[in-house]
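Structure assessment
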Amino acid sequence: MGRLIVVSNRTPGRGPAAGGLAVALRKTLAERDGFWFGWSGRLVDAPSNEAAFEDIEGIRVGKIDLTRDDHHAYYAGFSNSILWPSFHLRLDLATIEGHWYEGYRRVNTLFAQALLPHIEENDVIWVHDYHLIPFATELRHLGVRNRIGFYLHIPFPTLDALYAIPHNTELMRDLSRYDLIGFQANRDVSAFAEFADHQSPSTLSGSPLKSVDFSRTEVAAFPIGSDPEAFAKLAVSPAATKMVRRMERALGDQSLILGVDRLDYSKGLPQRVEAYEKLLANNANLRRQVHLLQVAPPSRDSIKEYQETSDTLDAMVGRVMGHFAEPDWQPMTYVKRAYGQPSLAGLYRLAHVGLVTPLRDGMNLVAHEYVGSQDPDDPGVLVLSRFAGAAEIFEDALLVNPFDTDETAEALRLALDMPLDERRRRWERLMEAAMAHSVDRWAESYLARLTPNGPDGKPAPVR
Ligand code: ADQ
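So, how was this worked out
- Residues numbered from 1 in each chain as written.
- Predicted model: local features only at pLDDT ≥ 70, side-chain atom pairs only at ≥ 80, totals over all residues.
- Heavy atoms only, no water.
- Patch = residues over 30% accessible without salt bridge, like charges linked within 9 Å, V, L, I, M, F, W, Y side chains within 5 Å.
- Areas by Shrake-Rupley, 256 points an atom, 1.4 Å probe, with all protein chains shown as cover.
- Salt bridge = Lys/Arg side-chain N within 4 Å of Asp/Glu carboxyl O.
- Lys, Arg positive; Asp, Glu negative; His and termini not counted.
- Charge placed at Lys NZ, Arg CZ, Asp CG, Glu CD.
- Helix = DSSP H or I, 4+ residues; strand = E, 2+ residues; numbered from the N terminus.
- Expected span 1.5 Å × (residues − 1).
- Buried < 20%, exposed > 50% of the residue type's maximum accessible area, 1.4 Å probe, protein only.
- Arc of directions from axis to C-beta.
- Near = heavy atom within 4 Å.
- Polar contact = N/O pair within 3.5 Å; in protein donor to acceptor, adjacent residues only side chain to side chain.
- Nonpolar A, V, L, I, M, F, W, Y, C, P; charged D, E, K, R; others polar.
- Domains from an automatic or database assignment.
- 1 Å grid on protein atoms, 1.4 Å probe; cavity = no way out; pocket = protein on both sides within 12 Å on 5 of 7 lines; lining within 4 Å.
- Points joined across faces, edges and corners; volume = space filled by probe spheres on them.
- Contact = heavy atoms within 4.5 Å.
- Buried area = accessible area lost by both parts, 1.4 Å probe.
- Axes fitted to C-alpha atoms, helices over the stretch in contact; angles between N-to-C directions.
- Parallel < 35°, antiparallel > 145°, perpendicular 65-115°, else oblique.
- Left-handed = near helix turned anticlockwise from the far one by under 90°.
- Pairing = 2+ DSSP bridges.
- Core = buried A, V, L, I, M, F, W, Y, C linked by side-chain atoms within 4.5 Å.

So, about a positive patch on the surface. On the surface, Lys242, Arg245, Arg246, Arg249 and Arg337 cluster together into a positively charged patch. If you trace the backbone, Arg249 turns up in helix H9 (residues 238–251).

Structure follows, in structure tokens:
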């Protein structure tokens, strides 16, 4: 079997922030003598076009630096001001600056050129996420014939949202250069199929150049997951217990409703606070009995739309506090910073309700982590958006339309009232689903599809 090369925008760092993906792929990378490749996190005036390699906590990592201008156009610009909002169906929040596309392609070219000297004949290359859609095209131009797979961590857009993206035909042609495209959910495979069907030459009235041929690309859903058993252990670890004790003292006999998210407009945070406001407004008996803790560290805060979301949320939290707080009771706590996994696991376990209500989300790993962290004897209830990829897996959650804040408020009430036997029944099935979709199985099943199974792992045909 050939080596595995993982390519993503950011390479794994040191310490507890390493993330589930790095942990899951560490073993595979070691077994297959492979490495991780991507941006170093450094901005410099004159970057070298050669990658620097080092070992980071058992993973071999190759990194390149970027200039500030290239990084801005590629990351904050094309990736996160055009692709991210469009793929999440928020065209109203997209900003289009034409020149960003050149920066986006240039960075993909630079990455490919820097990776080229390190590719061996039987290597299998696994490219991650929307920052790197053109990566296979760039490698093919350089003559690389290895198997190359792509995994999209975010949802695939509807047709009209896709057509609102500048250079969408080129981007889709870029996707057709991969041997395998993995999506989070069946929803995404269907959206993609709709696009691919539109491209068949027979249905096109325009230039044949507009058609993209996906006949050599395999497409399937590979829903990502977490490590629920690790979260189960972590949730009773000393570090988690310390956080739980602190919170228990602060909560007294109030039931905890918990939200944990990056501060991103896709996560539906204003709608969530509004639903909570309605819960308190409609159920006076719940006041002093419940507490919402929302943990949301800022992210991508150089982008205006992210600052605006943050401002909106500040105002809404202020409104709820002003309206419902009493001298000796606060309805909610809003914490704008990240916590380590043990603290999060402890909070998940303590929470009566895990409130995960993105407006649209590729998967949503917080839902998986919440399920993994529950006490089997006294589990909490997951209230989950229908528009998270996770909704295809967690049918036993209370599924809500996050735009309908009355419905979410009602689901919260049901969750807080749910009898123990129903909580147990639902959680057991949720935990089974989380284990069946662990991050290890995700990586295994994707790589089983990507890795050629011929006797000597034949390279893919030239494109
Ligand atoms: P994200 O949009 O970042 O990921 P999510 O899947 O929820 O969303 O992953 C967040 C991760 O960050 C989780 O592991 C969570 O524990 C951690 N995290 C979130 N808030 C935190 C906080 N306050 N403190 C510490 N840690 C925090 C993208 C896609 C998702 C997809 C993932 C993985 O948008 O849809 O599920 O990639 O494919």
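All right, on to the environment of Gly13 then. Looking at where Gly13 falls in the secondary structure, it is placed in the loop between strand S1 (4–10) and helix H1 (19–31). Gly13 sits 137 residues away from Phe150 along the chain, and the two C-alpha atoms are 22 Å apart.

Over its twelve residues, helix H16 (residues 439–450) extends 16 Å from the first C-alpha to the last, a length consistent with the 16 Å expected when each residue adds 1.5 Å. Residues of H16 that are buried: Val439, Trp442, Ala443, Tyr446, Leu447 and Leu450. Looking straight down H16, one finds that the buried residues subtend no more than 115 degrees of arc, so they occupy a single side. Within H16, the exposed residues directed more than 90 degrees away from the buried face are Glu444 and Ala448.

A word on a negative patch on the surface. On the surface, a cluster of negative charge is made up of Asp227, Glu229, Asp440 and Glu444. With respect to the element layout, Asp227 can be found in the loop between strand S8 (218–221) and helix H8 (228–234).

Looking at the ligand, there are 22 residues lining it, with His153, Asp361, Met363, Leu365 and Glu369 nearest. For the ligand, an oxygen atom lies 2.8 Å from a polar atom in the backbone of Met363. The side chain of Glu369 places a nitrogen or oxygen atom 2.5 Å from an oxygen atom of the ligand. For the ligand, the accessible surface in isolation is 720 Å², of which the surrounding protein chains cover 82%. Among the elements of the structure, helix H12 (341–350) and helix H13 (365–372) are those that each provide at least two residues to the shell around the ligand. Residue contributions to the shell around the ligand peak at three residues, all from H13. A per-class count over the shell around the ligand returns twelve nonpolar, four polar and six charged. Inspection of the shell around the ligand shows a minimum of three residues originating in each of domain 1 (4–225 + 441–450) and domain 2 (228–436).

Evaluated as defined, the whole model comprises five cavities of 30 Å³ or more. Looking at the largest cavity, the residues that line it are Gly380, Val381, Leu382, Asp396, Ala397, Leu398, Arg423, Arg426, Trp427 and Leu430. Among the elements that make up the lining of the largest cavity, the one with the highest residue count is helix H15 (residues 420–436) (four residues). Residue composition of the lining of the largest cavity, grouped by class: six nonpolar, one polar and three charged.

Splitting the chain by domain gives domain 1 (4–225 + 441–450) and domain 2 (228–436). Taken over C-alpha atoms, the centre of domain 1 sits 31 Å from the centre of domain 2. If you look at the interface, domain 1 gives 26 residues, while domain 2 gives 23 residues. Between domain 1 and domain 2, a total of about 1900 Å² is buried, with carbon and sulfur atoms accounting for 54% of that surface. Considering only the side of domain 1, the residues that lose the most area to domain 2 are Trp84, Leu93 and Arg187, jointly responsible for 29% of the buried surface there. Connecting domain 1 to domain 2 are zero salt bridges. Where domain 1 packs against domain 2, one counts eleven residue pairs in polar contact (both at pLDDT 80 or more).

The interhelical angle for the contact between H9 and H12, taken along N-to-C directions, is 45 degrees, at an axis separation of 7 Å. By the angle between their directions, the pair H9 and H12 is classed as oblique. With respect to the hand of their crossing, H9 and H12 are arranged in right-handed fashion. Every residue of H12 that contacts H9 at Ala239, Ala240, Met243, Val244, Met247, Glu248 and Leu251 is listed here: Pro342, Ser343, Gly346, Leu347 and Leu350. When the residues that make up the contact of H9 with H12 are grouped by side-chain class, the tally is nine nonpolar, two polar and one charged.

Further remarks concern the sheet that holds strand S3 (residues 52–56). Strand order in the open sheet formed by eight strands is S3-S4-S2-S1-S5-S6-S7-S8, with mixed pairing between adjacent strands. Every other strand in the sheet has two partners, leaving S3 and S8 as the edge strands with one partner each. If you compare each strand with its neighbour and ignore which way they point, the axes differ by 25 degrees on average. Examined bridge by bridge, strand S6 (residues 147–151) and strand S7 (residues 180–183) share three bridges and lie parallel to one another. Looking across to S7, one finds that Phe150 is bridged to Ile181. Where helix H7 (residues 186–198) meets the sheet, its contacts fall on S7 and S8, and the angle it forms with S8 comes to roughly 145 degrees.

Okay, the nonpolar core next. By size, the foremost hydrophobic cluster in this structure holds 60 residues, and its most contacted members are Trp126, Leu382, Leu384 and Phe394. If one sorts the elements of this core by residue count, H16 sits on top with six residues. Here this core spans two domains, and each of domain 1 (4–225 + 441–450) and domain 2 (228–436) adds at least three residues to it. Other than its neighbours up to four places away in sequence, Leu384 contacts Val356, Ala367, Ala390, Ala391, Phe394, Ala397, Leu398, Leu399 and Val400.

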